[in-house]
Amino acid sequence: MDWEALLLSLRLAAWTTLLLLPLAILLARTLAWSRFPGRGLLEALVTLPLVLPPTVLGYYLLMALAPDSPLGRLLGGGLAFHFSGLVVASMVYSLPFAVQPLLRAMEGIPRELREAAWCCGLTPWQSLLRVELPLAWPGVLSAVVLSFAHTLGEFGVVLMVGGNIPGETRTLSIAIYDKVLAFEEAAAGRMALLLLGITLLALALMQWLDRRLRVRERGHG
Amino acid sequence: MAEPGDLAFAFRQERGIPLDCRATCRAGQVLALVGPSGSGKTTILRAIAGLERPQWGRVRCGDTSWLDTDAGISLPPQQRRVGFLFQQAALFPHLSLLENVVMALGHLPAASRRKQAREILGRVHLQGLEGRRPAALSGGQQQRGALARALARDPEVLLLDEPFAAVDRVTRRKLHLELIQLTREIGIPVLLVTHDLDEAMMLADRLCVIHHGHGLQEGEPEAVLRAPDSSLVARLMDVRNLFRGRLRAPPGSGEPGILEWGGARLEIARAPDLPSGSEVHWTIPPGEVLLHQRRRPSRGERENPLQARVAEVIVLGGTASLLLVPLHHPQERLYMDLPRHVLQRNAIVIGDLVGVSLLAGSIHVMTN
């Protein structure tokens, strides 16, 4: 068992989810309620990582995060083959998994409720925190669990952008791949089972929380 | 705190829902915007609240300008102190009734909000239900809760968007009475959007008839009903006695004018400034059609007398509505409202021939 790789995977998933969530909330809110030119394009871009082959996405991210790229020059060194580069890549890769559930939840909030919030004197930020997010709570939960689980299991993008550097970019899924190539099938099997267990647990937790929440909302306060 | 003042608004817009209307609502008054669905009433209300931005518009409340497109002023809804009551209550479903009201008390120090919220809920008769979620309240209670939330902000204007459309009749009548009482107490302009004319007649001090976003006529409800500016207003106000006629002679100095109605010549006291021979519409309130009593003839009977047959009698409460077929003009139907006891004393039944008078002063002539 490659504990280092497991820890790295968990760290990567946690950072990605944490940084992605606020971004996804703002994106979902914009897509749900604003009408502006280019809205369709934005929605398509957000959905793109869902259907694009991970290697293609990984290739473009590698180019963008390389030391001699405009971004790399700006940061005084590339993010490719570093943990921070993996976080950026994972955020892009998991973007649709965070935005889609949030978007559906936000679209389900009646327009009058947001307008009632404004007429109560709530600023857009207060309205977001006190009315929209509490009402979109199941969507927020889904977004968290899905981005976490999806990041935990990603492979192609990580391999392209991060390579296979122990302690820096070698995630659990890369480690499994490594073990399989090295004919250490028992070790690969253990790690695969662990990853399966964690993912399954996350999804079950989400379902349970979601059900509990719905029961509470139907109750009389 | 500044004295809450009058609300004045004017909107013009060509794209989307067309608008062209202006009106003023005085503090303490209820102004009803009436018109068929899709006439732009709700858009006007939303533009006042700042939820919608018209192409051109002005909204002034007291001495504050909320919207002035010419001057580039457009305050967001948060800065316009409005109480907005939505058609479907729109209470926050994840919060208790009390928390819903507290939400609109952001202008008070945090420590006093809950106490104030309880007080406001008491004013709309919801004490004891503070802890309930909206889903556990009846339609009427929800609407009362929404009213409490609208009032909590200490608004300068109260905007009501068909607030009673979704509740049952009994509850609606109760809410009407409470609302009348409340508007007297709070002394701010109240705008009521409704397609229910009875509601408007009952609640409003003034009424504005809206059609395709145009303000057609504004005035006291009785005055608009009695003297619509045009046949369109008359139709929108569901005026019962609306007839076509021809102006034969306009009223002169001291002389009555002559209106021709299916061969009969009716004397009229007033008419719009139109040449003789003009096609016009005219109306008479059903309550002012004078019955010739069988045993007690009166002087009014000499004025525009007509013979008619009773086609239908509908008794509702203390009033009897008679549908009459004038003998000289049998295609038309003339409504006459009588106190029920008059109907009984004269023993009028369907099929009877009756004499009625259309008093010259009660006839209102309007342009087509």
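Going by the structure above, here's the rest.
Residues numbered from 1 in each chain as written. Chains lettered and ligands numbered in written order. Predicted model: local features only at pLDDT ≥ 70, side-chain atom pairs only at ≥ 80, totals over all residues. Heavy atoms only, no water.

Peer 1: For this particular structure, what's the right way to read the overall build of chain B?
Peer 2: Within chain B, the secondary structure is distributed over nine helices and 21 strands. Its C-alpha atoms put chain B at 75 × 50 × 35 Å along the principal axes. Here chain B, with 368 residues, has 51% of them falling under the buried criterion. Distance between charge centres in chain B, computed from 44 positive and 39 negative side chains, equals 4 Å. (Helix = DSSP H or I, 4+ residues; strand = E, 2+ residues; numbered from the N terminus. Buried < 20%, exposed > 50% of the residue type's maximum accessible area, 1.4 Å probe, protein only. Lys, Arg positive; Asp, Glu negative; His and termini not counted. Charge placed at Lys NZ, Arg CZ, Asp CG, Glu CD.)

Peer 1: Teacher, can you tell me more about the overall build of chain A here?
Peer 2: In terms of helices and strands, chain A carries eleven helices and zero strands. Starting at the N terminus and walking to the C terminus, you meet the elements of chain A as α-α-α-α-α-α-α-α-α-α-α. With respect to the three principal axes, the spread of C-alpha positions in chain A is 65 × 45 × 25 Å. Considering chain A as a whole, with its 221 residues, one finds that 46% of them fall into the buried category. Accessible surface computed for chain A: about 11200 Å², of which carbon and sulfur atoms make up 69%. Distance between charge centres in chain A, computed from 17 positive and 15 negative side chains, equals 9 Å. (Areas by Shrake-Rupley, 256 points an atom, 1.4 Å probe, with all protein chains shown as cover.)

Peer 1: Explain unusual backbone geometry to me, please; I cannot follow it from the model alone.
Peer 2: Glycine aside, the phi torsion of most residues is negative, and most peptide linkages are trans. Residue and element names in this part refer to chain B. At Glu-162, a residue that is not glycine, the phi angle is positive and equals roughly 40 degrees. By the secondary structure assignment, Glu-162 is in the loop between β8 (157-161) and α5 (169-186). Despite not being glycine, Ala-347 shows a phi value in the positive range, around 50 degrees. Structurally, Ala-347 can be placed in the loop between α9 (340-345) and β20 (353-358).

Peer 1: Explain the interface of chain A and chain B to me, please; I cannot follow it from the model alone.
Peer 2: The accessible area lost on association of the parts is a frequent measure of interface size. With 22 residues of chain A at the contact, the number on the chain B side is 20 residues. Summed over both partners, the interface of chain A with chain B buries about 1900 Å², with 66% contributed by carbon and sulfur atoms. The tally of links between chain A and chain B comes to one salt bridge. Between Glu115(A) and Arg46(B) there is a salt bridge, with the nearest N and O atoms lying 2.7 Å from each other. Between chain A and chain B we count four residue pairs in polar contact (both at pLDDT 80 or more) in total. Residue assignment for the side of chain A that touches chain B shows that the elements contributing at least two residues are α6 (111-119), α7 (124-135) and α11 (185-218) of chain A. Sorting elements by how many residues they give to the side of chain A that touches chain B places α6(A) first, with eight residues. A breakdown of the residues in the side of chain A that touches chain B according to their chemical character gives eleven nonpolar, five polar and six charged. (Contact = heavy atoms within 4.5 Å. Buried area = accessible area lost by both parts, 1.4 Å probe. Salt bridge = Lys/Arg side-chain N within 4 Å of Asp/Glu carboxyl O. Polar contact = N/O pair within 3.5 Å; in protein donor to acceptor, adjacent residues only side chain to side chain. Nonpolar A, V, L, I, M, F, W, Y, C, P; charged D, E, K, R; others polar.)

Peer 1: Before we go on, may I ask you to explain the layout of surface pockets in this structure?
Peer 2: Unfilled space is identified by rolling a water-sized probe across the atoms. Residues and elements named next belong to chain B. Estimated volume of the largest pocket: approximately 460 Å³. Lining the largest pocket are 16 residues; nearest its centre among them are Leu-225, Met-237, Asp-238, Arg-240 and Pro-286. At the level of secondary structure, the elements contributing two or more residues to the lining of the largest pocket comprise α6 (197-203) and α7 (221-226). A per-class count over the lining of the largest pocket returns eight nonpolar, two polar and six charged. Roughly 350 Å³ of internal volume is contained in the second largest pocket. (1 Å grid on protein atoms, 1.4 Å probe; cavity = no way out; pocket = protein on both sides within 12 Å on 5 of 7 lines; lining within 4 Å. Points joined across faces, edges and corners; volume = space filled by probe spheres on them.)

Peer 1: I'm lost on the nonpolar core in this one. Help?
Peer 2: All names here are of chain B. Among the nonpolar cores identified, the biggest contains 118 residues, and Phe-9 and Leu-191 are the most heavily contacted of them. In this structure, Leu-191 is in contact with Leu-7, Phe-9, Cys-25, Leu-31, Leu-33, Leu-45, Ile-48, Leu-158, Leu-159 and Leu-160, ignoring residues within four places of it in sequence. Formed by 30 residues, the second largest nonpolar core is a distinct cluster that contains Leu-247, Trp-282, Ala-320 and Leu-338. (Core = buried A, V, L, I, M, F, W, Y, C linked by side-chain atoms within 4.5 Å.)

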